[in-house]
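# Overview (structure and organization)
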Amino acid sequence: MTLLYGVTVLEHFRRPRNQRALERPTVSREGYNALCGDRVRIELEVEGATIRAAAFTANACAICTASASLLTERVNGSAIEDAARISDDDVVMGLEADLPAARLPCAILPVRTLRDALAELRPRT
Amino acid sequence: MPDILEQLESLRPHEQRVAMATLVGARGGSPRPLGAKLFVGEGGRLVGSVSIGGCVDARVVEHGERLLRADRSERVTVSVDDAEALELGLTCGAEFDLLIEPISLDEGDPTVRAYASAVRISRGGRTAFVVTTLTGGAARHTVHPDAYDGPQDGVFVERIAPADPVVLVGASDVAAALARQARALGLRVIVVDGRERYATRDRFSTADEVLVGMPSDLVRPFLVPGAFIVLTAHEYKYELPILREALRAPVRFVGMLAGRKRADAVRALLRDEGLSAEEVGRLHSPIGLDIGGREPEEIALSIAAQLVAVREGKSIARRSQ
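Residues numbered from 1 in each chain as written. Chains lettered and ligands numbered in written order. Predicted model: local features only at pLDDT ≥ 70, side-chain atom pairs only at ≥ 80, totals over all residues.

## Brief notes about the overall build of chain A
The following threshold applies: The helix and strand labels rest on DSSP assignments: H or I over at least four residues marks a helix, E over at least two residues marks a strand, and numbering proceeds from the N terminus. What the globule rule says is 2.2 Å times the number of residues to the power 0.38, and the radius of gyration is computed from C-alpha atoms. Exposure classification rests on a simple neighbour count of other C-beta atoms within 10 Å of a residue's own: a residue reaching 20 or more is buried, one at 12 or fewer is exposed, and one in between is partly exposed. C-beta atoms are placed from the backbone.
Regarding its fold elements, chain A presents 5 helices and 3 strands. Each helix (α) and strand (β) of chain A, taken in turn from the N terminus, gives the series α-β-β-β-α-α-α-α. In terms of C-alpha radius of gyration, chain A reaches 14 Å, essentially the compact-globule figure of 14 Å for 125 residues. When burial is assessed residue by residue, chain A has 42% of its 125 residues classed as buried.

Now the structure itself:
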């Protein structure tokens, strides 16, 4: 395995956090990159305005998997409002890697899927 | 290897009546299994075979035409005892028993109905049996999907089992070629990919199912005994999530299209993730027999040949790259 994308990507790809299916998710959304075929599903268990649990399933590259791992780690236990404020740049910076432009869609697929999930949640809160 | 309904469908636009010859017994070795069928159309069309061609099938055709004209069923024995062939040593000396029955191709024919029912049961995932009486006049077919418990005197029993699934993960050109070949070999072909542009009906017109979504989710229902899982994606993003489950499932075969170096790297990752040496050892990669081709059809042929060898319990030489 190359270290081209840095130790954080490698660590979260090899030992992803929260990579599982939630038993009773409040919301589940799947996102994909049509051309490369990355697929990621973000699941959230929500109580009131708080994300009690966040988990993901990915059939995706190392960057996308690592990004989903870091993202779910970050939003676990956080307020929905705070999770909604996470930007694409926040996620890319969190990977601590010098990503070429062509790989940015891989990095931001999870956070965009998270936003879709939160949008689905909004009318209920 | 079309099933009997597909064979009858192919005849229906051209023929109204056919003689259906079924291989019900063989002595001295038979290249085809018992139950093999040859249809002889009233208009001259032939579908299927009861041997590997040559003199046996030709004689069955003659008998079929005769029995169509007489409109009656008959048990016929065909011996390979042609004097000239014997003299030249070009005969296998085998003897074949055939049941030859005129049938009408419409849905109301009792024989067609019995096979149609059995095939539909098998397409639904259950094994059906067609029981044919060999004594008395016309043969009678009855389907016993659940109750049949073994051979009985004076009957011929055909087991019509569901086709084993082959799941092709990665809708590549190799997968497209393999989908056609595997379907012809009697497998149920399921194509899986995460990319809508690749996994299309246009590219996989002969596949039984073309599924787009999260590949590891889509493959999971097919991780059953008898299944062949073939990874043609050449994408670790699909390979790793599927291999984690497939190598621990009771499937018949798991193979991955890859060179030796890449295959070893995938094995190392799987061992790192906690799969046992035995589980990782179930992965066939590089996949395919070593026939040397490099075009998609050739690579697919080498994989299809390996699937047949596995199905037949043969040990074979695998592709080196």
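Let us keep going from here.
## What to know about the interface of chain A and chain B
This is how it is decided: We call two residues in contact when their backbone-placed C-beta atoms lie within 7 Å. All amino acids are sorted into three groups, where Ala, Val, Leu, Ile, Met, Phe, Trp, Tyr, Cys and Pro are nonpolar, Asp, Glu, Lys and Arg are charged, and the leftover types, Gly among them, are polar.
Taken together, the 12 residues of chain A in the interface contact 13 residues of chain B. When residues of the side of chain A that touches chain B are traced back to their parent elements, those giving at least two are strand E1 (27-32), strand E2 (39-47) and strand E3 (50-59) of chain A. When the residues that make up the side of chain A that touches chain B are grouped by side-chain class, the tally is 4 nonpolar, 3 polar and 5 charged.

## Quick notes on the confidence of the model for chain B
Here is the rule: Residue-level confidence of the predictor is summarised by pLDDT, bounded by 0 at the bottom and 100 at the top.
This prediction gives chain B a mean pLDDT of 89; 89% of its residues lie at or above 70. Interface scoring of the predicted complex returns ipTM 0.88; its pTM is 0.85.

## Describing the pairing of strand E12 (residues 228-231) of chain B
Residue and element names in this part refer to chain B. Note the cut-off: Any two strands with at least two DSSP bridges between them are considered paired. A right-handed crossover is one whose linking path, passing over the helix from the first strand to the second, runs clockwise when the strands point away from the viewer.
Where burial is concerned, the two faces of E12 agree: the one with Phe228 and Val230 and the one with Ile229 and Leu231 are both buried. Where strand E9 (residues 165-169) and E12 come together, 4 bridges link them in parallel fashion. Within the sheet, the bridge partner assigned to Val169 lies in E12 and is Leu231. Crossover handedness for the path E12 to helix H7 (residues 236-246) to strand E13 (residues 253-256): right-handed.

## What to know about the sheet that holds strand E2 (residues 37-41) of chain B
Backbone-to-backbone hydrogen bonds join strands into a sheet, with any given pair of strands oriented parallel or antiparallel. All names here are of chain B. Definition in use: Axis definition: a line fitted to C-alpha atoms, over the contacting stretch in the case of helices. Angles run 0 to 180 degrees between N-to-C directions.
Spatial ordering of the open sheet is given by E3-E2-E1-E5-E4, a layout of 5 strands whose pairing is antiparallel. Each edge of the open sheet carries a strand with a single partner, namely strand E3 (46-48) and strand E4 (74-79). Sheet twist, expressed as the average angle between the axes of neighbouring strands with direction ignored, equals 25°. Taken together, the 6 bridges between E4 and strand E5 (residues 95-104) define a ladder with antiparallel strand orientation.

## Structural notes on the pairing of E1 of chain A
Residue and element names in this part refer to chain A. Bridge analysis of E1 against E2 gives 6 bridges, and the strand direction is antiparallel. Within E2, the residue paired with Arg29 across the bridge is Ile42. If you look at the hairpin formed by E1 and E2, you'll find 6 residues sitting between the two strands, and Gly37 has a positive phi there, around 90°.

## Some words on unusual backbone geometry
Residue and element names in this part refer to chain B. In this model, Ser285 is joined to Pro286 through a cis peptide bond whose omega is 0°. The topology assignment puts Pro286 in the loop between strand E14 (283-284) and helix H10 (296-311). Positioned with a positive phi, Asp71 is a non-glycine residue whose angle comes to about 55°. With respect to the helices and strands, the residue Asp71 is situated in the loop between helix H2 (54-70) and E4. Residues other than glycine seldom take positive phi values, yet His234 does so here, at roughly 55°.

## Quick look at the packing of helix H5 (residues 173-184) of chain B against H10 of chain B
Residue and element names in this part refer to chain B. Test applied: Under this scheme an angle from 65 to 115 degrees is roughly perpendicular, one under 35 degrees roughly parallel, and one over 145 degrees roughly antiparallel; angles in between are oblique. Take the far helix as the reference: if the near one is turned anticlockwise from it by less than a right angle, the crossing is left-handed, and if turned clockwise, right-handed.
The contact between H5 and H10 brings their axes to 8 Å, and the two run at 45°. By the angle class used here, H5 and H10 are oblique. The way H5 lies across H10 gives a crossing that is right-handed. Note on element contacts: H10 touches H5 through Pro296, Glu297, Ile299, Ala300, Leu301, Ile303, Ala304 and Leu307, opposite Asp173, Val174, Ala177, Leu178, Gln181 and Ala182. In terms of residue class, the contact of H5 with H10 is made up of 11 nonpolar, 1 polar and 2 charged.

## With respect to H10 of chain B
Residues and elements named next belong to chain B. Where we set the bar: Each helix should span, by expectation, one fewer than its residue count multiplied by 1.5 Å.
Relative to the 22 Å expected for 16 residues at 1.5 Å per residue, H10 spans 22 Å between its end C-alpha atoms, a close match to the ideal helical length. Among the residues of H10, those classed as buried are Ile299, Ala300, Ser302, Ile303, Ala304, Gln306 and Leu307. Those residues of H10 that are buried are in contact with E9, H5, E12 and E13.

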